[in-house]
Structure formats: structure tokens, C-alpha cells
2 protein chains.
Amino acid sequence: METTRRELLKGMTGMALGAVATSALAGLVGCAPKEAMAAQGTATPTAAPAFPWPYQKVDPIAAAERAYAAYSQGGCMFGAFEGILGELRDKVGGPYLTFPSAMMKYGAAGVVGWGTLCGALNGAAALLYLVLDAKAATALINEVFAWYGSEELPNYKPKAPKFDTIKTSVANSPLCHVSVTTWSVKSGFKTGSPERAERCAWLTASVAKYAVELLNQQADSAFKAAHEVPQDVKACLSCHGKGGEVENVHATSATSCTVCHTDIKPNHPSK
Amino acid sequence: METTRRELLKGMTGMALGAVATSALAGLVGCAPKEAMAAQGTATPTAAPAFPWPYQKVDPIAAAERAYAAYSQGGCMFGAFEGILGELRDKVGGPYLTFPSAMMKYGAAGVVGWGTLCGALNGAAALLYLVLDAKAATALINEVFAWYGSEELPNYKPKAPKFDTIKTSVANSPLCHVSVTTWSVKSGFKTGSPERAERCAWLTASVAKYAVELLNQQADSAFKAAHEVPQDVKACLSCHGKGGEVENVHATSATSCTVCHTDIKPNHPSK
């Protein structure tokens, strides 16, 4: 089945790229470069495979560099998503030529500035669910989120950075506001500074790189989670999560509960 | 330009639907129903328009009902996104026939159970950015988020609900964990209960309905934001936001700061 789909896709890539060059389509979208047209979903494949879309191993460094460049065009979610999808567009072609990556710009700064979910995580999660079955996608998303919350990041320096060094921090949360403020306090840079934007660009590249590394492990049937839900979070969820005595939290995973719940008393839970 | 794109799309719809029925594609995806195939992005348009994709007014109630049904197939993000995109697939056709909506299942319960951004909001935001230019999409997403955080929800009862009544609550946040726990505490139902799942299904329908109402207003050049960033949040951001004295928050919008920052002292800021 996999071989059949790959063979089909290889054939489709050429057809789709040929179709991109048609004068009718060029008239529709103006004289945009071929890659930009593809990024906007203006290519014209003649068939598309079933969901999820097929993954072929790509270079994590290439995805990171593409993510870094895309960050400056559309923010963190677009950066992480397009960093990986762009590599698949070039390597696999087929359906990836039609995907409107630009829609992912909505996730910037925790969705148009609301500071909710880190856009790099939002974009990586969307991409992972596009190319994996539900079980594998969930496992890899869990790993990316747990890694993001517990590691010193960013851990990837782009080849042509705007600053030579960027301080790292441990986010302790998948949320944009928590992640950025934690970094700002540690680094001493304002959240509106060029250094903060560069930190988020490196972080976007770091997330894209890690997601691709995991995807490549999964493609080799070699993926194994390296970051788990911390013991203190498990202890909280044993009471507040599904089946617990005080079942009032609809979540199965977190990096930390106390990063927000700062008022938990030492004798909690008091009977 | 708009007329030209619409005319093109009308022509494309027929071609795409015809292509779906080809025996070659049927062999690729098995004997799936036509609508299910389209939902998985297996249709075969022969051209796709530029980004953003064209919006035509659809029925908010139809989108809400479709969102409610989709919730039970793939959760809150898929529900809100597919609720609206499914209507566009039926009415506009063209590129919407190819979009792999199933990827949006990643956003369930704040992304695979992490309790971050409410999936209904994540799905609505993704859809809005797909069909509007950046400025309009940002304005409508801001309105949906602000409405979600400040209104008694859910405010839409599906035509064939699993429960006759569902209590409402004001989320005070766009975050899944805060929204669900607030409802759980108010209603007295556990977060793992069928009543909570039904509440989230109604909420998904409510978000899809409101997003479509706003889209239809925008299509009539009649959109005007009805919910703004609260004054107390503006006061916080005047110091902590962009250009403020203590610039350590990378956000421009929020429903409430004190819903998480419960330890702000009455004399804050103390000089």
C-alpha cells in the first residue's frame, strides 16, 4: 500500500508542477514565483491521496532553516508548519503542493496576539496530525509538548541569525504568554524587543527540527518518548483528572500545574 | 476580481465532483461515500484559487448542526472547523473539496488533552484565516475570542441533543482547562461526565454558529466588533504590554488577567 501511494505521488509531483506553469493559472494568481504559488495552495494536482498524507523523511536542519525564514514571513505557527510542509512539498509534492500553508499565520503569538498556545507547538501539532495516524500523531505531539516545557530552549541556532547569541529558558508550559514572559524575565529583554522576536524565531526552528527528528524516528519505527508527564502533575491529576476524587480538570497532560497555581498550600490537600 | 473567482469556482465545483466519482480514485480510497471522501481531502479539483479561499454566505444554523455532529467524530477543533468548511464544501466546492479537515482533530481538549487553547476556538480561528484577508481574519478572531470569554455559553441547543438542558457558564478565558473547570464547578458535573462532553459539543456548535454570523456580516461589509478587551486587562497591558514600563507580556488581548493571576494585591502596583 505504502509503495503504491509513493509511486503514485512521484508521478503526481511532475504533473502538478507542470500544471502550476499553465498560463491560465498564472493569470489567476499573477506572476508569483513558483514556490510562493505552491505555498499559497495554488498548484493543481490531478489526484490526492487518502488521509493522513504520506510522510517521507526530510532533513531536520533544512526544516529548521525553512522554519526560521518562514517565521519572519508569518510568525511562529506558520514558521513551524511551513518549515516542515515546505520540505515535504519539495520532496513528496502531490497533495502538499495544494495546502494553503498561509492559513497557519493565525497562530502567531498564541493566536493573533492572545498569548494562548505557543504557535510553534500549534503548527507542529497540525503538521504531525496531517501526516500520521491518530495514535502516532498523539504520541509525537505529546513528546513535542513535554520536551518544549522541560528543556532549555531554543536549542537551534540558525545559520544566518540576526543575533549571535540568544539566551535559553525552560518554558514550564506550552502557553505563549508563560513561555515568553519566563524568557523575558530570565534574559532581561523586553517582550517587544528584537531579541525576543529572534528568540521566538530560533524556538520555531528548534520545534520544527525536533518534530522532524521524531517523524524520522517514527518512519523507521524507532520512536520512543523521551519526556513524560512529571510525577507532580500525575499526582495532581490522580485527584483532579479522569476518575479522580475531585474530577474537575479535563486534561491528561501538563508540564506543570504550579506554574499557574501558585497558591497551592503545603498541606494540600487538606482533609 | 471577486466575480471572476466565483465564476471560476462554480465551474470547478462540477469538475471536481465529477472527478471524485472516477473509478481510479474510488480504487485508491476504497468504496467510501462521496462526502466522507471529500472530508478527507480525496477529491480531485483541476485548479485551485489563490489564498485566501473564497467565502460565500452559509447558514449559521446548518454550520452549528454540522459542528455538533462533527464533534462526536473528532472533537471540538474538528467540530468547529468542519462545521463551517463542510458547508463551504457543499456550497462553493472547488478547493474546499480537497482540504483534509480530519487533520484538525489534533486540537481536541486543548490539543490531544493538554488543556491549552479551546479547540472550538482553534478551529474557528483556522477557518477564519483560511477565508479572509489577514486584517479581517484578525478582527473576526478577536471578536470570537472576546465573545467566548465573556458570554454565558453554550448558547446554541442542537436539534437532536443528547441531553435536554445544559447549564451555561462564562469561561473568562480562551483556554480549555479554565473554560471546562469553570463550567464543571458551576454545573456540578465531573469533567469526565457525558454532560461535560455534551456541553463541549453544544459549545462547539455555538462557536461555529457565531463565526458564521460574523463571516456573513463581513461578507455584507457590516461586521463590527461587539466585544472588546476589558478595561482592567487594558490597564494591566498599559504597564506590562508593548511599550509599557514593565514590558514582560507578549500579548495584545485577553479576557481576564486575574483569572490566573489570583495573587495580585490591592495596592498593586506598589512603587
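Before any of the text, the structure's been laid out above.
The present account deals with the structure reproduced in this document.

Conventions used here
Residues numbered from 1 in each chain as written. Chains lettered and ligands numbered in written order. Predicted model: local features only at pLDDT ≥ 70, side-chain atom pairs only at ≥ 80, totals over all residues. Heavy atoms only, no water. Helix = DSSP H or I, 4+ residues; strand = E, 2+ residues; numbered from the N terminus. Buried < 20%, exposed > 50% of the residue type's maximum accessible area, 1.4 Å probe, protein only. Areas by Shrake-Rupley, 256 points an atom, 1.4 Å probe, with all protein chains shown as cover. 1 Å grid on protein atoms, 1.4 Å probe; cavity = no way out; pocket = protein on both sides within 12 Å on 5 of 7 lines; lining within 4 Å. Points joined across faces, edges and corners; volume = space filled by probe spheres on them. Nonpolar A, V, L, I, M, F, W, Y, C, P; charged D, E, K, R; others polar. Salt bridge = Lys/Arg side-chain N within 4 Å of Asp/Glu carboxyl O. Phe/Tyr/Trp six-rings, centres within 6.5 Å; stacked < 30°, edge-to-face > 60°. Lys NZ or Arg CZ within 6 Å of the ring centre and 35° of its normal. Disulfide = S-S within 2.5 Å. Axes fitted to C-alpha atoms, helices over the stretch in contact; angles between N-to-C directions. Parallel < 35°, antiparallel > 145°, perpendicular 65-115°, else oblique. Left-handed = near helix turned anticlockwise from the far one by under 90°. Contact = heavy atoms within 4.5 Å. Expected span 1.5 Å × (residues − 1).

A count of helical and extended segments in chain A gives 9 helices and 0 strands. Shown N-terminal to C-terminal, the secondary structure of chain A runs as helices and strands in the order α-α-α-α-α-α-α-α-α. Considering chain A as a whole, with its 271 residues, one finds that 58% of them fall into the buried category. Summed over all atoms, the accessible surface of chain A reaches about 10900 Å², with 57% contributed by carbon and sulfur.

Here the second largest pocket is characterised by a volume of approximately 420 Å³. Taken together, 29 residues make up the lining of the second largest pocket; nearest its centre are His-250 of chain A together with Ala-108, Ala-109, Gly-113 and Arg-196 of chain B. Counting only elements with at least two residues in the lining of the second largest pocket, the list comes to α4 (60–91), α5 (119–131), α7 (176–187) and α8 (194–219) of chain B. With 5 residues, the top contributor of residues to the lining of the second largest pocket is α8 of chain B. By residue class, the composition of the lining of the second largest pocket is 15 nonpolar, 10 polar and 4 charged.

Attention now moves to the pattern of salt bridges. Residue and element names in this part refer to chain A. By the definition in use, this model includes 16 salt bridges over all chains. Residue Glu-87 pairs with Arg-66 through a salt bridge whose shortest N-O separation is 2.8 Å. Residue class for Glu-87 comes out buried when judged on its relative accessible area of 14%. Between Asp-164 and Lys-157 there is a salt bridge, and its shortest N-O distance comes to 2.8 Å. Judged by relative accessible area, which is 40%, Lys-157 ranks as partly exposed. Each of Arg-66, Glu-87 and Asp-90 takes part in one network of salt bridges that share partners.

Time to look at the packing of aromatic side chains. The tally for this structure, following the rule as stated, stands at 13 aromatic pairs over all chains. A network of ring pairs unites the aromatic residues Trp-53, Phe-81, Tyr-96 and Phe-99 of chain A together with Trp-53, Phe-81, Tyr-96 and Phe-99 of chain B as a single cluster. One Lys or Arg, Lys-105 of chain A, reaches over the ring of Phe-78 of chain A and ends 5.1 Å from the middle of that ring.

Turning to the state of the cysteines, a few remarks are in order. Here, the word disulfide means a covalent bond between the sulfur atoms of two cysteines. Evaluated as defined, the whole model comprises 0 disulfides over all chains. As a non-bridged cysteine, Cys-239 of chain A has Cys-236 of chain A as the owner of its nearest cysteine sulfur, 8.6 Å distant. Free cysteine Cys-118 of chain B: the closest other cysteine sulfur is in Cys-76 of chain B, separated by 5.6 Å. Taking relative accessible area as the criterion, Cys-118 of chain B reaches 6% and is therefore assigned buried.

Residues and elements named next belong to chain B. Running from amino to carboxyl end, α5 crosses helix α6 (residues 134–150) at an angle of 160°, the nearest separation of the two axes being 9 Å. When the interaxial angle is binned, α5 and α6 end up roughly antiparallel. Between α5 and α6 lies a crossing whose hand is right-handed. Where α5 abuts α6, its residues Leu-121, Ala-125, Leu-128 and Tyr-129 lie against Ala-134, Ala-137, Thr-138, Leu-140, Ile-141, Val-144, Phe-145 and Tyr-148. Of the residues assigned to the contact of α5 with α6, the class counts are 11 nonpolar, 1 polar and no charged.

Moving on to helix α7 (residues 176–187) of chain A. Along an α-helix, residues three or four apart share an orientation, since each turn contains 3.6 residues. Residue and element names in this part refer to chain A. For α7, built from 12 residues, the straight-helix expectation of 16 Å at 1.5 Å per residue is met to within 8% by its first-to-last C-alpha distance of 16 Å. The set of residues buried in α7 consists of Cys-176, Val-178, Ser-179, Val-180, Thr-181, Trp-183, Ser-184 and Ser-187. Contacts made by the buried residues of α7 are with α6 (134–150) and α8 (194–219).

All right, on to the side chain of Asn-248 of chain A then. Position of Asn-248 of chain A among the secondary structure elements: in the segment after α9 (231–240). Residues within four places of Asn-248 of chain A in sequence aside, it is in contact with His-240 of chain A together with Thr-181, Ser-184 and Thr-191 of chain B.

Attention now moves to unusual backbone geometry. Look at the link from His-268 of chain A to Pro-269 of chain A: it is a cis peptide, with omega at -5°. Its place among the elements puts Pro-269 of chain A in the segment after α9. A positive phi angle, close to 75°, is found at Val-111 of chain B, a residue other than glycine. Structurally, Val-111 of chain B can be placed in the loop between α4 and α5. A relative accessible area of 0% places Val-111 of chain B in the buried class.

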